[in-house]
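Below are the chains, spelled out letter by letter.
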Amino acid sequence: MPGLIGAIRDYYGKIGVELEKEDILITTGGSEALLLTFLCIMDPYTEVIVPEPYYPNYTTFVHAAGGRIRALPTRPEEGYRYADRKRIESLITKNTRAIMITNPGNPTGVVLSQEEMRMIADIAKEHDLFLICDEVYREFCYDDKFGVPSMGKFRDIDENLVIVDSVSKRFSACGARVGCVVTRNKELQAALLKMCQSRLSVATIDQIGAEALYSVDHEFFRKSKAEYRKRRDLVVSMLRQIPGVQVEEPMGAFYVMAGLPVDDADKFQRWLLEEFDHEGDTVMFAPGAPFYETPGKGINEVRIAYVLDCKDLARAMELLGRGIECYRQQVMRL
């Protein structure tokens, strides 16, 4: 719908990214934006470089297009940072089609600096690769020095860049299946449009609602960020009070990765759901291993989404601490 495309153009203009209406394609959420992008740029056995840990459905979309992921390793003790030129370029082969990043990161909360963004953009340009940027959390940067980061501000990579956006994350509208793919690459945009012609459009009423959301003023994002910062600070501080837990403060999005003093986070989660409770309550998280491509990594890590109110988050962290203590005594026999 032209109204939604216009609202998205206006939004990007306010953050310093000038777009033409032909640069924007409405999709059924950010997930379809990613799937269509990979279907257009990947061939069987081609590769995309993705820093791990990453959102597990990236694997689904790449495999659906016949490609494979080459994981860019990160280390928890380094805050999961990955903007290392030598480390990235060491993974580039004749089969590499793209580099994909999430900025701010899911599940790590990593936020790239302008210098790191510029370096990654340069690598994509110099090696003639697509740079796919999942930027659905860009307003959720807790250090004001980052501003509102977007690769779209670098005009010299117009032919390389693909930006993925989503209403459900940006406006905390869970379940809203409206997103878009943004690229100034005309050949890719034409290919994406052909893919879209093979399915029905996003529901009209959802597009009308999304148009209104994209028109909210900056105060909405300021209040949202302040609330999520408060939740982050609570979760991180309580995690650090649990003996043996390793956690770095996330600088963006609304997730935190943490290492737990348990033998297997998935096994521990099952035990929490089936065997443990405190006054009738238990707690659930996302085990860390599925966020990695490399076998054996993330076994004792978890992703926690701080999307509940502070009271419920505090209770959840209390339950996690109690659960770890009981599990280590009853199951690990420590």
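Structural data are supplied above this passage.
What you see as residue numbers is a count from 1 along each chain, following the sequence as written. With the structure being a predicted model, the display of local features is reserved for residues of pLDDT at least 70 and the display and counting of side-chain atom pairs for 80 or more, all residues being used for whole-chain, interface and lining totals. Based on all heavy atoms of the structure, the side-chain values leave hydrogens and waters out of the count.

## Re the overall build of the protein
In terms of helices and strands, the protein carries 11 helices and 11 strands. Taken over the C-alpha trace, the protein has a radius of gyration of 20 Å; the compact-globule value for 334 residues is 20 Å, and the two agree within 12%. Expressed along its principal axes, the backbone C-alpha trace of the protein runs to roughly 60 × 45 × 40 Å. Residue exposure (1.4 Å probe, protein chains only): buried if accessible area is under 20% of the type maximum, exposed if over 50%, otherwise partly exposed. A burial count over the protein gives 52% of its 334 residues as buried. The contacts of the protein with a sequence gap of at least 6 include a subset with a gap of at least 24, amounting to 71%. Areas reported as accessible are Shrake-Rupley estimates using a 1.4 Å probe. Residue values count occlusion only from the protein chains shown. Roughly 15000 Å² of accessible area belongs to the protein as shown, and the carbon and sulfur atoms make up 52% of that amount. Charge counting follows a simple rule: Lys and Arg are positive, Asp and Glu are negative, and His as well as the terminal groups are ignored. Lys charges are placed at NZ, Arg charges at CZ, Asp charges at CG and Glu charges at CD. Measuring between centres, the 42 positive side-chain charges of the protein sit 1 Å from its 50 negative side-chain charges. Labels follow the DSSP assignment, with helices taken as runs of H or I lasting at least four residues and strands as runs of E lasting at least two, numbered in each case from the N terminus. It is over C-alpha atoms that the radius of gyration is taken, and the globule rule equals 2.2 Å times the number of residues to the power 0.38. Here a residue-residue contact requires only that any non-hydrogen atoms of the pair lie within 4.5 Å.

## What about the side chain of Ser 166?
Turning to its location among the elements, Ser 166 is positioned in strand 6 (residues 161-166). At 3.0 Å, the side chain of Ser 166 and the side chain of Ser 168 are in polar contact. Here Ser 166 is in contact with Gly 30, Val 136, Val 178 and Gly 179, once residues within four sequence places are set aside. Whenever two N or O atoms come within 3.5 Å, that pair is a polar contact, provided that in protein one can donate a hydrogen and the other can accept it, and provided that, for residues adjacent in sequence, both atoms are side-chain atoms.

## Here we look at the packing of aromatic side chains
What counts as a ring pair is set by centres within 6.5 Å for rings of Phe, Tyr and Trp (its six-membered ring), and what kind of pair is set by the plane angle: stacked under 30 degrees, edge-to-face over 60, tilted for all other angles. Tallied over the entire structure, the rule returns 19 aromatic pairs. Consider the rings of Tyr 55 and Tyr 58, whose centres lie 5.5 Å apart with planes at 90°: the pair is edge-to-face. Between the aromatic rings of Phe 268 and Trp 271, the centroid separation amounts to 6.2 Å while the plane-to-plane angle is 20°, which identifies the pairing as stacked. A residue pair is termed a helical-turn pair when its members lie 3 or 4 positions apart in one helix, as Phe 268 and Trp 271 do in helix 10 (residues 265-274) at three residues.

## A word on the packing of helix 9 (residues 218-240) against helix 11 (residues 310-330)
Note on geometry: axes are C-alpha line fits, over the in-contact stretch for helices, and angles between N-to-C directions span 0 to 180 degrees. Packing of helix 9 against helix 11 leaves a shortest axis separation of 10 Å and a crossing angle of 15°. Taken together, the axis directions place helix 9 and helix 11 in an arrangement best described as roughly parallel. Helix 9 and helix 11 meet at a crossing whose hand is right-handed. Across the interface between the two elements, Lys 230, Arg 231, Leu 234, Val 235, Met 238 and Leu 239 of helix 9 pack against Cys 310, Leu 313, Ala 314, Met 317, Glu 318 and Leu 320 of helix 11. Oblique is the label for every angle not falling under 35 degrees (roughly parallel), over 145 degrees (roughly antiparallel), or within 65 to 115 degrees (roughly perpendicular). Take the far helix as your reference; a near helix turned counterclockwise from it by less than a right angle gives a left-handed crossing, and one turned clockwise gives a right-handed crossing.

## Side note on the side chain of Arg 303
Examined against the element boundaries, Arg 303 turns out to sit in strand 11 (residues 301-305). Salt bridge, as used here, is a side-chain nitrogen of Lys or Arg placed within 4 Å of a carboxyl oxygen of Asp or Glu. Despite its burial, Arg 303 pairs with no opposite charge; the closest candidate is Asp 134, at 10 Å N-O. Of the polar contacts made by the side chain of Arg 303, one reaches the side chain of Asn 106; its length is 2.9 Å. Residues contacting Arg 303, with those up to four places away along its chain left out, are Asn 106, Pro 107, Tyr 255, Val 256, Met 257, Phe 285, Ala 286 and Phe 291.

## Quick word on unusual backbone geometry
Of the consecutive residues Glu 52 and Pro 53, the connecting peptide bond is found in the cis state with omega at 5°. If you trace the backbone, Pro 53 turns up in the loop between strand 2 (47-51) and helix 3 (57-64). Between Asn 106 and Pro 107 the backbone carries a cis peptide bond, its omega angle lying at 20°. Relative to the assigned elements, Pro 107 resides in the loop between strand 4 (96-102) and helix 5 (114-126). Positive phi, normally seen in glycine, also occurs at Ala 253, with a value near 60°. You can see Ala 253 is positioned in the loop between strand 8 (246-247) and strand 9 (255-259). For Ala 253, a relative accessible area of 0% gives the class buried.

## A few points about the pairing of strand 1 (residues 24-27)
For a regular strand, side-chain orientation follows a simple rule: the groups alternate between the two sheet faces. The side-chain alternation of strand 1 yields two buried faces, one formed by Ile 24 and Ile 26 and the other by Leu 25 and Thr 27. Two strands are said to pair when DSSP picks up at least two bridges between them. For strand 1 and strand 7 (residues 179-182), the ladder comprises four bridges, and the chain directions are antiparallel. Paired with Thr 27 across the bridge in strand 7 is Gly 179.

## Concerning the pairing of strand 6
With respect to burial, strand 6 is a largely interior element, six of its six residues being buried. By the alternation rule, side chains of strand 6 split into Leu 161, Ile 163 and Asp 165 and Val 162, Val 164 and Ser 166, which are all buried. Inspection of the sheet shows strand 5 (residues 130-134) paired to strand 6 by four bridges, in the parallel sense. Within strand 6, the residue paired with Asp 134 across the bridge is Val 164. When strand 6 meets strand 7, the two strands line up antiparallel, connected through four bridges. Paired with Val 164 across the strands is Val 181, a residue of strand 7.

## Points about the nonpolar core
In these notes, a set of buried Ala, Val, Leu, Ile, Met, Phe, Trp, Tyr and Cys residues joined through side-chain atoms within 4.5 Å is what counts as a nonpolar core. Tyr 12, Ile 26, Leu 131 and Met 151 are the most contacted members of the largest nonpolar core, which totals 47 residues. Taken together, the elements giving at least two residues each to this core come down to helix 1 (2-14), strand 1, strand 4, helix 5, strand 5, strand 6 and strand 7. Aside from chain neighbours lying at most four places away, what touches Tyr 12 is Val 17, Leu 19, Arg 138, Ile 163, Asp 165 and Val 182. Formed by 34 residues, the second largest nonpolar core is a distinct cluster that contains Val 136, Tyr 142, Phe 268 and Leu 320.

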